[in-house]
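One-letter residues, chain by chain:
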Amino acid sequence: MSVLRNMAGIWASRVDEAAAAWLPRRPDDSAQRHDFRRLRTVAAVSLTALPIVPLALSAVLPVSVALPAGTALWASASLLAAAASLAACRIVPAFATTEPSSGSDLPDLSAAYDIFAGLVTVHDPRGQVLSVHGRDAADHLKSMRDPRGRGFIEQIYVSDRISFLKAIDALRQGGACSAVDIRLERLSVSADGAQFVHMRCEMTPVRDAEGRLMAIVAQSCDVSTEARLRAEAAAKAAHAESANDAKTRFLAAVSHELRTPLNAILGFSDVLAGEYFGKLENDRQREYVSLIHRSGTHLLSVVNTMLDVSKIEAGRYELVPEPFRVADAIAACEAMLSHQAREKGVRLTSRVTRSVGEINADQRAVQQILINLVGNAVKFTDKGGLVTVDAEVDGTMLKLTVSDTGIGIAEDKLEMLGQPFVQIQNDYTRRYEGTGLGLSLVKGLVELHSGGISIRSSEGEGTVVVVTLPRDGAGIDEQSPMSTRGTVEFPPRLKERDEKAVDLPVQTEAGTVKAGTVRERRHDAAQAKTA
């Protein structure tokens, strides 16, 4: 017998050594020993049945086939039996420790829960309600079915149940707290037609000394008013955006329709002024023809500005970057506005440093920026004043500065600069014509180049406008992705764009400024002097 006991001990130790290599270590030593006993029992039964299976198969199959087939079947059955025995001994204890069947082990905190605002529900780890508390519980229970058991989850709107269960699962995974917004179905539709109550659930886990989840305390508060205000704000924002889109399409359509008759007016007035089909009777007729041509030219420039502004707002202004000399662009601007400056008695000068060569940008847009800024400076500068255009290199940026000794801008009016159709209202500016679109267009063109704009002004002393543009045109491809677009419908419809705040560089001017009379503001291509 001692020999048999020794053999059994050796056999059991071999089984334990093999099992220890494959089984995960468990913190409970008694559970580990229980696993080893089960494996020994399965191994003993398997060894006993080892000769039975091949012998049974040899009755219907040849011995050469029955022996390997029987052995394979025996090995597979033994492994499955071992796995099943281990799983069976682990499922029941795990379920018993993590899923309490009732709240009898929980501390009785009903009195504390009843003073909390809203509806307080105690859930088990599966989300079922064990008890209902809360200062406002009676009011909430009037509009809902009994929440105990699965009643609470079943009353949650279907699309919100997943979020609620995810919040509970986060607590089961060890989370400290969870919060989720849900909609609870009402028993009947309320007077305002609302079918659901918007609730915000703040969930806190209740754990035992070993950290196992015992229950979940959920405090639910009615946020229907907050949800209604959010919905109204979203609706108003959508309405405002739609109105702005309609305004943009209206401007584009009107501008397009006005340009056709204006071109005809300008063409025929040129023919009349040139007296190609007969001489005019007197000087008054010639004066009237000249006035028609001048007025038509001014109106066409306004229409073109409106069309450009609408294109920029709709994201459909296409930039064509090309290298060109900055000095040539400034010279062209001087040639166009020198006559206007001479008529007003204003001196127009320019200074371009030697380091300023070429810039890769949209030449038409850069010239439009210069024309609008210099035109504003000349318009708002009285006789004997000075308007200066400076160009210099500042690192990778081109710095264009337009300064004047004109009427200037009051400090409290700087906030209005750059808004479309807005002019600074005072006794001086009302003497001058303008639509208030010039600086709005400048702001848009600078933004399309990923540039920056800043203004420094002092009322009665003058204004300095500084525009910075990338010399290599790096920001044009990102700001104007229009080259790959095909046909364009008209009037243009707004396409979806990601509105991103861009921190544009601000250039400061060195010099002595009187305290309290001058303020320099950064506009990030969003504020500019208004024409």
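Please refer to the structure placed before this passage.
The following refers to the structure shown.

Cut-offs used in this document
Residues numbered from 1 in each chain as written. Predicted model: local features only at pLDDT ≥ 70, side-chain atom pairs only at ≥ 80, totals over all residues. Heavy atoms only, no water. Helix = DSSP H or I, 4+ residues; strand = E, 2+ residues; numbered from the N terminus. Buried < 20%, exposed > 50% of the residue type's maximum accessible area, 1.4 Å probe, protein only. Areas by Shrake-Rupley, 256 points an atom, 1.4 Å probe, with all protein chains shown as cover. Pairing = 2+ DSSP bridges. Axes fitted to C-alpha atoms, helices over the stretch in contact; angles between N-to-C directions. Contact = heavy atoms within 4.5 Å. 1 Å grid on protein atoms, 1.4 Å probe; cavity = no way out; pocket = protein on both sides within 12 Å on 5 of 7 lines; lining within 4 Å. Points joined across faces, edges and corners; volume = space filled by probe spheres on them. Nonpolar A, V, L, I, M, F, W, Y, C, P; charged D, E, K, R; others polar. Phe/Tyr/Trp six-rings, centres within 6.5 Å; stacked < 30°, edge-to-face > 60°. Salt bridge = Lys/Arg side-chain N within 4 Å of Asp/Glu carboxyl O. Left-handed = near helix turned anticlockwise from the far one by under 90°. Expected span 1.5 Å × (residues − 1). Polar contact = N/O pair within 3.5 Å; in protein donor to acceptor, adjacent residues only side chain to side chain. Parallel < 35°, antiparallel > 145°, perpendicular 65-115°, else oblique.

**Things to note about the overall build of the protein chain**
Within the protein chain one finds 14 helices and 13 strands. Out of the 531 residues in the protein chain, the part that is buried amounts to 37%. Counting only carbon and sulfur atoms, one obtains 56% of the accessible surface of the protein chain, whose full area is about 30,300 Å².

**Re the sheet that holds strand S2 (residues 129-133)**
If you walk across this open sheet you meet the five strands as S2-S1-S5-S4-S3, and the pairing is antiparallel. With partners counted over all chains shown, the strands left at the sheet margins are S2 and strand S3 (178-185), one partner each. Each strand of the sheet is rotated relative to its neighbour by a mean of 25 degrees, with strand direction disregarded. With five bridges joining them, strand S1 (residues 119-123) and strand S5 (residues 213-222) adopt antiparallel strand pairing. Note on S5: the bridge partner recorded for His123 is Ile216. On top of the sheet, helix H8 (residues 158-172) reaches S1, S3, strand S4 (196-207) and S5; it is set at about 150 degrees to S3, its chief contact.

**Some remarks on empty space enclosed by the protein**
According to the stated counting rule, one finds four cavities of 30 Å³ or more in the structure shown. In this structure, the second largest cavity is lined by Leu119, His140, Ser143, Met144, Leu184, Glu185, Val197 and Met199. When residues of the lining of the second largest cavity are traced back to their parent elements, those giving at least two are S3 and S4. Residue composition of the lining of the second largest cavity, grouped by class: five nonpolar, two polar and one charged.

**Digging into the packing of aromatic side chains**
For the structure shown, the criterion picks out three aromatic pairs. Between Tyr157 and Phe196, the aromatic rings sit 4.8 Å apart at their centres with planes inclined by 65 degrees, giving edge-to-face as the arrangement. Of this pair, Tyr157 sits in the loop between helix H7 (151-154) and H8 while Phe196 sits in strand S4, and the two are 39 residues apart along the sequence.

**Re the pattern of salt bridges**
Here the structure, examined in full by the defined rule, presents 16 salt bridges. Between Asp146 and Arg148 there is a salt bridge, with the nearest N and O atoms lying 3.1 Å from each other. Residue classification places Asp146 among the partly exposed positions, given a relative accessible area of 47%. In this structure Arg148 comes out as partly exposed when scored by relative accessible area, which is 47%. In this structure, the salt-bridge partner of Asp283 is Arg286, at a minimum N-O distance of 2.9 Å. Of the two residues, Asp283 and Arg286 are both situated in helix H10 (residues 283-313); the distance of three residues between them amounts to about one turn of the helix. We classify Asp283 as exposed; its relative accessible area is 59%. Here the salt bridges share partners, and the residues they tie into one network are Asp181, Arg200, Glu226 and Arg230.

**Thoughts on the packing of helix H12 (residues 363-379) against helix H13 (residues 438-448)**
Two elements in contact, H12 and H13, have axes separated by 9 Å at closest approach and are oriented at 145 degrees. Considering only the axes of H12 and H13, their crossing is left-handed. Between H12, through Ala365, Gln368, Ile369, Asn372, Leu373 and Asn376, and H13, the contact on the second element is made entirely by Gly438, Leu439, Leu441, Val442, Leu445 and Val446. The residue makeup of the contact of H12 with H13, split by class, is eight nonpolar, four polar and no charged.

**Here we look at unusual backbone geometry**
At Glu275, a residue that is not glycine, the phi angle is positive and equals roughly 55 degrees. Positionally, Glu275 belongs in the loop between helix H9 (224-274) and H10.

**Regarding H12**
Relative to the 24 Å expected for 17 residues at 1.5 Å per residue, H12 spans 24 Å between its end C-alpha atoms, a close match to the ideal helical length. The backbone nitrogen of Arg364 lies 3.1 Å from a side-chain oxygen of the residue at the head of H12, namely Asp362.

**Quick look at H13**
Counting buried residues in H13 gives 10 out of 11 residues, a clear majority hidden from the surface. Along H13, the residues that are buried comprise Gly438, Leu439, Ser440, Leu441, Val442, Lys443, Gly444, Leu445, Val446 and Leu448. Ser450 lies just past H13 and shows a positive phi near 60 degrees.

**Considerations on the packing of H9 against H10**
Interhelical geometry of H9 versus H10 gives an angle of 155 degrees and a closest axis separation of 8 Å. As judged from the angle between their axes, H9 and H10 are roughly antiparallel. The handedness of the crossing between H9 and H10 comes out as left-handed. Here the residues of the contact of H9 with H10 are counted per class, giving 15 nonpolar, nine polar and four charged.

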